[in-house]
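# Coordinate inspection notes
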Amino acid sequence: MSISQVVKDLKGRLDGKVAIITGGGSGIGYESSILFAREGADVVVADINLKAAELTVDRIKEKFPLHVRKHTAAYKVDVAKEEEVKKLVEFTLKEFGKLDIMFNNAGIMHPHDDNALNTDEKVWDVTMDINLKGVWFGCKYAIEAFRRKPNKAGGVIINTASFVGFLGSATPQIAYTASKGAVISMSRELAVNHARENIRVNTLCPGPLRTPLLMDYLNTEEKKNRRLAHVPIGRFGEPIEQAQAALFLASDEASYITGTELKVDGGITAAYVTSD
Ligand code: NAD
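Residues numbered from 1 in each chain as written. Predicted model: local features only at pLDDT ≥ 70, side-chain atom pairs only at ≥ 80, totals over all residues. Heavy atoms only, no water.

### Comments concerning the overall build of the chain
A tally of helices and strands in the chain yields nine helices and seven strands. Out of the 276 residues belonging to the chain, those deemed buried represent 48%. For the chain, the share of sequence-separated contacts (at least 6 apart) that also reach a separation of at least 24 residues comes to 73%. Looking at the chain, you have 35 positive and 35 negative side-chain charges, and the mean spots of the two groups are 5 Å apart. (Helix = DSSP H or I, 4+ residues; strand = E, 2+ residues; numbered from the N terminus. Buried < 20%, exposed > 50% of the residue type's maximum accessible area, 1.4 Å probe, protein only. Contact = heavy atoms within 4.5 Å. Lys, Arg positive; Asp, Glu negative; His and termini not counted. Charge placed at Lys NZ, Arg CZ, Asp CG, Glu CD.)

Below, the structure is given as structure tokens:
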């Protein structure tokens, strides 16, 4: 085998790509930042928690010391604020020269999210502002950045939704559920609107995961088991399992995939009963 073949084989699945990952300080965003970097992408780790984003960047540098990672950066952003998202994309274009992948992953589940009668309007608004409007802003400025690239090179958008975009939960979380359903619908429309510009838009739909977002909410064994009864695989998912799916959607291997929802959910959305 020639040296050039060996070098070619060592190429990562995202070599030469520039990615923004929101919520990169924890959970899915953390694992995706590391995985995307491992696969050769320059990653802007964006999070409202700058310290957490910086720790992710430190981890990338620690894990891949042999790579020339001159272009991995932490960036503080509140995705609910349009001006901040605009500046995040401007920063990326200035420092990295282009944007290829926008992973709109940041999201919250408010502890006081409840049913239609008990949910305070403020809880609804903050959930929509981050989970839905934040994703819209990310898409908007990513599309603008993709359009500036030569030769209609386009780009990839991945929006994190949830299995609850497909299922009603008897344990209510009405704002969260509504926000995730809307992310799925919005992403489909964006995919259709921008497909001819070589822009792909898909949603990642995780099942229940062992990350702070859910574990802080399911804070007793009883609450955890109540959920696990509905998961055919019988365990919570791991953030890395979502990152691997996001990597596929971000890579050229998914070049004919747009407007779809990738459910990485341990079978929960397929289940009627989970055991006999
Ligand atoms: P996580 O809480 O571990 O990480 C979320 C990250 O987003 C944190 O670092 C947080 O600081 C950041 N963030 C929160 N608000 C922000 C804002 N306004 N601007 C920028 N960053 C902000 O959560 P996770 O489990 O990794 O969740 C990531 C995504 O996956 C979310 O959209 C979530 O709704 C979705 N999801 C999670 C689960 C689950 O079970 N954990 C299931 C389905 C979908």
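Once the structure has been displayed, the description carries forward.
### Re the pattern of salt bridges
According to the stated counting rule, one finds 15 salt bridges in the structure shown. Asp100 is the partner of Lys149 in a salt bridge, and the nearest nitrogen-oxygen pair spans 2.7 Å. In this pair, Lys149 is assigned in the loop between α5 (121–147) and β5 (155–160) and Asp100 in the loop between α4 (82–96) and β4 (101–104), connecting sequence segments 49 residues apart. The same class applies to Lys149 and to Asp100, which are both buried. One salt bridge in this structure joins Asp129 and Lys133, with 3.7 Å as the shortest N-O distance. In this pair, Asp129 and Lys133 both sit in helix α5, four residues apart, roughly one turn of the helix. Given a relative accessible area of 35%, Lys133 falls into the partly exposed group. Each of Lys98, Asp100 and Lys149 takes part in one network of salt bridges that share partners. (Salt bridge = Lys/Arg side-chain N within 4 Å of Asp/Glu carboxyl O.)

### Some remarks on helix α9 (residues 239–250)
Look at α9: 16 Å from first C-alpha to last across 12 residues, which is about the 16 Å you get at 1.5 Å a residue. Residues of α9 that are buried include every one of Pro239, Gln242, Ala243, Ala245, Ala246, Leu247, Leu249 and Ala250, and no others. Here the buried face of α9 lies against α2 (27–38), β4, β5, β6 (199–206) and β7 (261–264). (Expected span 1.5 Å × (residues − 1).)

### Thoughts on the pairing of β5
The buried fraction of β5 is high, at six of six residues. Burial along β5 is two-sided: the residues Gly155, Ile157 and Asn159 and Val156, Ile158 and Thr160 are all buried. Two strands pair when backbone bridges link them, and β4 and β5 are joined in this way by four bridges, in the parallel orientation. Within β5, the residue paired with Ile101 across the bridge is Val156. Regarding the hand of the β-α-β motif, the stretch spanning β4, α5 and β5 is right-handed. With six bridges joining them, β5 and β6 adopt parallel strand pairing. When the sheet's bridge partners are listed, Val156 is paired in β6 with Arg200. Regarding topology, helix α6 (residues 174–194) serves as the crossover connection from β5 to the parallel β6, and that connection is right-handed. (Pairing = 2+ DSSP bridges. Right-handed = clockwise from strand over helix to strand, strands pointing away.)

### As for the site of the ligand
Lining the immediate surroundings of the ligand are 29 residues, of which Ser26, Asp47, Tyr176, Leu209 and Thr211 lie closest. Asp47 is positioned such that a nitrogen or oxygen atom in its side chain is 2.6 Å from an oxygen atom of the ligand. In the model, a nitrogen atom of the ligand is placed 3.2 Å from a nitrogen or oxygen of the Ile48 main chain. For the ligand, whose accessible area on its own is 830 Å², the fraction buried by protein is 92%. (Near = heavy atom within 4 Å. Polar contact = N/O pair within 3.5 Å; in protein donor to acceptor, adjacent residues only side chain to side chain. Areas by Shrake-Rupley, 256 points an atom, 1.4 Å probe, with all protein chains shown as cover.)

### So, the pairing of β6
Across the eight residues of β6, eight count as buried, placing the element largely inside the fold. Residues Ile199, Val201, Thr203 and Cys205 of β6 are buried on one face, and the alternating residues Arg200, Asn202, Leu204 and Pro206, pointing to the opposite face, are buried as well.

### With respect to the packing of aromatic side chains
If you walk through the whole model with that rule in mind, you get four aromatic pairs. The structure contains a cluster of three or more aromatic residues connected by ring pairs, namely Tyr75, Phe91 and Phe96. Across the ring face of Phe166, the terminal group of Lys263 is positioned such that the distance to the ring centre comes to 4.5 Å. (Phe/Tyr/Trp six-rings, centres within 6.5 Å; stacked < 30°, edge-to-face > 60°. Lys NZ or Arg CZ within 6 Å of the ring centre and 35° of its normal.)

### As for the packing of α2 against α9
It is at 8 Å that the axes of α2 and α9 come closest, and there the two elements cross at 55 degrees. In terms of orientation, α2 and α9 fall into the oblique class. Our pair here, α2 against α9, has a crossing hand that is right-handed. Counting all contacts with α2, which are made through Gly27, Ile28, Glu31, Ser32, Leu35 and Phe36, the residues of α9 involved are Pro239, Ile240, Gln242, Ala243, Gln244, Ala246, Leu247 and Ala250. A per-class count over the contact of α2 with α9 returns nine nonpolar, four polar and one charged. (Axes fitted to C-alpha atoms, helices over the stretch in contact; angles between N-to-C directions. Parallel < 35°, antiparallel > 145°, perpendicular 65-115°, else oblique. Left-handed = near helix turned anticlockwise from the far one by under 90°. Nonpolar A, V, L, I, M, F, W, Y, C, P; charged D, E, K, R; others polar.)

### Quick look at the sheet that holds strand β3 (residues 73–76)
Pairing in this open sheet of seven strands is parallel, and the strands run β3-β2-β1-β4-β5-β6-β7 from one edge to the other. Bordering the open sheet on either side are β3 and β7, each of which pairs with just one other strand. On average, each strand axis in the sheet is inclined to that of its neighbour by 20 degrees, with strand direction left out of account. The pairing of β6 with β7 spans four bridges and is classified as parallel. Considered in β7, the bridge of Pro206 is made with Val264. Contacts from helix α3 (residues 50–63) reach β2 (42–47) and β3 within the one sheet, and its direction differs from that of β3 by about 170 degrees. Sitting on the sheet, α6 touches β5, β6 and β7, and the angle it makes with β6 is about 160 degrees.

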